[in-house]
Amino acid sequence: MKTTRIIVAALVTCAALSACGGQGAGDATPGPSPSGGSAVTDASSTDPVDPTVPAPSSSVPPSRPSAGRPSIPPGVGATTLTGTVEAGVEPGCRLLDGYQLIGGPTDVLAAGAKVTVTGRAQPDMLTTCQQGIPFVVESARRA
């Protein structure tokens, strides 16, 4: 009789836990993933603003003013930097005025080259380079 009570208690507990886990299965809002982070969602969301995606930075941090003026105005929110490209600590990392250059033509953005680049700072972007504020290059030319 004691074994039957234990089995019934275990079955009731399992049923209660599985009912809790099934709540919101038809809900459109994703819950946390097993690793503790947020679940990955489809990028084709119809929401006008997706709070899980950081908004692109539209300004340069005050400690890093942009230098020079572009000959063609950059797009909305773009920034133009002019200076000499430096090699980063990690292989393949390039820096300009405290920014880590992401993308762009590698022949133009070689270490030691004087360049003018237009793009957007992405301070929330994760990279393997361990220095500089990530700056996604839209265009680059020799200065």
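Please read all numbers here as calculations on a predicted model, not as lab measurements.

Q: Quick one: what's the story with the state of the cysteines, residue by residue and with numbers?
A: Enumeration according to the criterion identifies one disulfide in this entry. The side chain of C93 participates in a disulfide bridge whose partner is C129; the two sulfur atoms lie 1.6 Å from each other. On the S-S bond that ties C93 to C129, the torsion sits near -90°, and the link is left-handed. Of this pair, C93 sits in the loop between strand 2 (86-87) and strand 3 (94-96) while C129 is found in the loop between strand 5 (114-121) and strand 6 (133-142), placing the two residues 36 residues apart along the sequence. Taking relative accessible area as the criterion, C93 reaches 6% and is therefore assigned buried.

Q: Explain the sheet that holds strand 5 residue by residue, including any values.
A: The six strands lie next to each other as 1-5-6-4-3-2, forming an open sheet whose pairing is mixed. Here the strands that pair on one side only, and so sit at the sheet edges, are strand 1 (79-84) and strand 2. With seven bridges joining them, strand 5 and strand 6 adopt antiparallel strand pairing. The residue bridging T118 from the neighbouring strand is S139, located in strand 6.

Q: Pulling in residues and values, what's your account of the side chain of T116?
A: With respect to the secondary-structure elements, T116 resides in strand 5. In contact with T116, other than residues within four places in its own chain, are T80, L81, T82, S139, A140, R141 and A143.

Q: So, the environment of V108: which residues are in play, and what are the values?
A: Looking at where V108 falls in the secondary structure, it is placed in the loop between strand 4 (99-102) and strand 5. Here V108 falls in the buried class, since its relative accessible area comes to 14%. Here the alpha-carbon distance between V108 and R142, two residues 34 residues apart in the chain, equals 6.5 Å. When residues no more than four places from it in sequence are discounted, the contact partners of V108 are A113, V115, A140, R141 and R142.

Here is what the cut-offs are and how they apply
Residues numbered from 1 in each chain as written. Predicted model: local features only at pLDDT ≥ 70, side-chain atom pairs only at ≥ 80, totals over all residues. Heavy atoms only, no water. Disulfide = S-S within 2.5 Å. Helix = DSSP H or I, 4+ residues; strand = E, 2+ residues; numbered from the N terminus. Buried < 20%, exposed > 50% of the residue type's maximum accessible area, 1.4 Å probe, protein only. Pairing = 2+ DSSP bridges. Contact = heavy atoms within 4.5 Å.

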